Each structure stands twice: as C-alpha cells, then as structure tokens.
Amino acid sequence: MRFPKRDEWLPLIVCLLAAAFFWVYVMNEQNPQVENSYTIPVETRNLDRALVATNVPSRVRLVVRMSRTDMATFRSENVKAYVDLSNLEQGDYPNTPIYVTVPGNATILEQSQKYFNLNIDTYAVRSLEGTVEFFGNPEVGFTAEKKSLVPDQITIAGAKTKVDSADRAVISVNLSGRDKDFEEYNAVNVLDAEGNTVSGIDVMPSRARVSVTVEEDQRTGNIPFKVETTGTPADGYKIGKITVSPAQATVKAPGSYFKENESITLPVDVSGATATVTKRYSLAKPENGIIIPGSVTVTVEITQQ
C-alpha cells in the first residue's frame, strides 16, 4: 500500500477544506439558520403533594436558533421549561435553576430568566365567611342591604403562609344608580388584614351570587284631609260647616308617597240631604308604611236656606 508523500498532503487538505466550506455555504444558502422567540410556561416537577412551591416564574421567554427547514415543522409546545423539585422540603432555595429543553438541533440563544429564589411551604386549606362590600351610591332616597349570598362560605387553599394571612373573602357590589332589587354573580377577592389581595392561592368558588334589596328611605310627616262633596242637598237646604276629625293623618312611608299624596281626599255624597251627613272612612295603609289614625270621621252640616 502506497501512502501519499508529504508534498501530496497539502492539496488533499486544501480540497477537504474547500469541500467543507462549500458544503457550509450551500447549506446556509439553501437552508439558512433562523431565529425566533417563544414564551413558555414554567412547569414544577417532582414536588411532594403535601408541599407548595411559591415564587416560581409563570413563564420564560426564549430566543431559539435552528435551520429554516426545522423551523417550518417546529412547535412551541415541544419546548419545555421546568423546575425540578425532587427531594426538596419546606424552606427557601435561592438561585434555583430553570431548565429548558428544545427538540432536535435547535440552540437556545437567550433565556429571559435562568434562576429564581424558590420558597417551599406546606399545603393548607381553610374556610372563610363570605363578606359583601358595597361601593357607589344608590339613587337619592334609597338604601340597599344584602339579602343573600350563595355560597356564604369560601374555601381557600395553597401555601400555609398565604392561607394564614387571609383575613376575609370579599364580594364587591356596585350600587351606583340602583333603585330596585337586583342580583349579581361577582368575583371573590381574598384580602389580608391590611386590605391587600392575597395572591397565589386557590379560591373555591371563585365567584358568588349576591342578592341585594333596595328600598326607598322612610320619612314621617303629616298629610291633611281634603273633603269633596258630590251632589246637592234637597230643595231649600244647603251645605253648612264641614268638620274632619282628626284634621290630618300622621304617615310613615317611603318618600315618594308624600310626593304622590299631598292630601287625602274624602268624598261625601250629599244628594237630596235634609239633615247633617256623617261618614266614617277607614284609611288605606301605605305600601311599606303606616298611617295614624286608622280611620277618620267627616261631618257635613245641612242647613235650611
């Protein structure tokens, strides 16, 4: 077997390098490297079910390089970002790494976050009584109050530190411009003692149904009686003094009642009368109110002309 002489090696090496260069050139021209960015959710793996991992970033952004051919078939769901929590116990773990895997020959050029400060806490569950808080004002002269809340107990679950910090479960209801009963299905917001939202916990259910009663404000006032006679007495007779006992009624009712009833009319028919006409009326009670007295007497004197 004959080996190339030393002076024959140089042309061979030059040819090999030229071929490699040409191959790279052709590949870059025909199938160039391209870059794209992806935002990937961060998974937590291998965590004991009795524990909860907090402070884990929800997502990381990646810049990935690959050939144009590979990019055409590339799927972002094939990229995985995860935190391995094997054998970890309750406590703090600074500079915990976020691992990323990409399929094929793709290369990661950038990763928005590679490390974070991990906290692991025990898992806790607790119930809170639901609280309805109003904001805004109903129509002038109206008052609102909670009628019902379903459910009235809210369950929260998550890291024990956060669950223990929860002070109340609030369902906020806007009263602005309301003048009738209404019902809403609103979000439940869990707050700490200082009124800050407790985040990173599960709230069950996340929404609750609130029924609200809106009633007109009550006021108390006096309303006079007004007598209206109909018909005419007999020939030779006329209407004399008219007496109402008592002269007015004391009413406690919604404010709109007083606008609609500036006086209470009492009709008395004196057709063909030759003597004093006395009539007693029972007074209708206002809706959602009371009236005193419950009855009134009207006396219409009939005198000779």
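Just so you know, these numbers come straight off a predicted model, no measurement behind them. (Residues numbered from 1 in each chain as written. Predicted model: local features only at pLDDT ≥ 70, side-chain atom pairs only at ≥ 80, totals over all residues. Heavy atoms only, no water.)

**Comments concerning the pattern of salt bridges**
Consideration 1: Using the criterion set out here, one finds nine salt bridges in the structure.
Consideration 2: Among the salt bridges present, the one from Asp164 reaches Lys160, with a minimum N-O distance of 2.7 Å. Here Asp164 and its partner Lys160 are both found in helix H3 (residues 160–165), four residues apart, which amounts to about one turn of the helix.
Consideration 3: Looking at Lys160, the relative accessible area reads 38%, which means it is partly exposed.
Consideration 4: The shortest N-O distance in the salt bridge between Arg178 and Glu184 comes to 2.9 Å.
Consideration 5: With a relative accessible area of 28%, Arg178 lands in the partly exposed category.
Consideration 6: Three or more residues joined by partner-sharing salt bridges are found here, namely Glu133, Asp167 and Arg168. (Salt bridge = Lys/Arg side-chain N within 4 Å of Asp/Glu carboxyl O. Helix = DSSP H or I, 4+ residues; strand = E, 2+ residues; numbered from the N terminus. Buried < 20%, exposed > 50% of the residue type's maximum accessible area, 1.4 Å probe, protein only.)

**Describing the sheet that holds strand S12 (residues 182–187)**
Consideration 1: The antiparallel open sheet is built from three strands, whose spatial order is S9-S15-S12. Whereas interior strands pair on both sides, the edge strands pair on one side only; in this sheet they are strand S9 (142–150) and S12. If you compare each strand with its neighbour and ignore which way they point, the axes differ by 30° on average.
Consideration 2: Examined bridge by bridge, S9 and strand S15 (residues 207–216) share eight bridges and lie antiparallel to one another. Across the sheet, residue Glu145 finds its bridge partner in S15, namely Thr213. (Pairing = 2+ DSSP bridges. Axes fitted to C-alpha atoms, helices over the stretch in contact; angles between N-to-C directions.)

**A short note on the packing of aromatic side chains**
Consideration 1: The full count for this structure, using the stated rule, is three aromatic pairs.
Consideration 2: The interplanar angle of 50° and the centroid separation of 5.2 Å between the aromatic rings of Tyr38 and Phe74 together place this pair among those described as tilted. One end of the pair, Tyr38, is in strand S1 (residues 33–45); the other, Phe74, is in the loop between helix H2 (68–73) and strand S4 (80–84), with 36 residues separating them in the sequence.
Consideration 3: Between Arg45 and the ring centre of Tyr82, over which it is positioned, the NZ or CZ distance is 3.9 Å.
Consideration 4: Just above the ring of Phe182 sits the side chain of Arg178; from NZ or CZ to the centre is 3.8 Å. (Phe/Tyr/Trp six-rings, centres within 6.5 Å; stacked < 30°, edge-to-face > 60°. Lys NZ or Arg CZ within 6 Å of the ring centre and 35° of its normal.)

**Topic: the layout of surface pockets**
Consideration 1: Looking at the largest pocket, its volume works out to about 250 Å³.
Consideration 2: For the lining of the largest pocket, the secondary structure elements donating two or more residues are S15 and helix H4 (255–260).
Consideration 3: Taken together, the residues that form the lining of the largest pocket break down as five nonpolar, three polar and five charged.
Consideration 4: Taken as a whole, the second largest pocket holds about 170 Å³ of empty space.
Consideration 5: Along the walls of the second largest pocket sit 14 residues, with Val52, Ala53, Gly158, Gly200 and Asp202 positioned nearest its centre.
Consideration 6: When residues of the lining of the second largest pocket are traced back to their parent elements, those giving at least two are strand S2 (51–54) and strand S10 (153–159).
Consideration 7: Among the elements that line the lining of the second largest pocket, the one with the most residues is S2, at four residues.
Consideration 8: The residue makeup of the lining of the second largest pocket, split by class, is seven nonpolar, four polar and three charged. (1 Å grid on protein atoms, 1.4 Å probe; cavity = no way out; pocket = protein on both sides within 12 Å on 5 of 7 lines; lining within 4 Å. Points joined across faces, edges and corners; volume = space filled by probe spheres on them. Nonpolar A, V, L, I, M, F, W, Y, C, P; charged D, E, K, R; others polar.)

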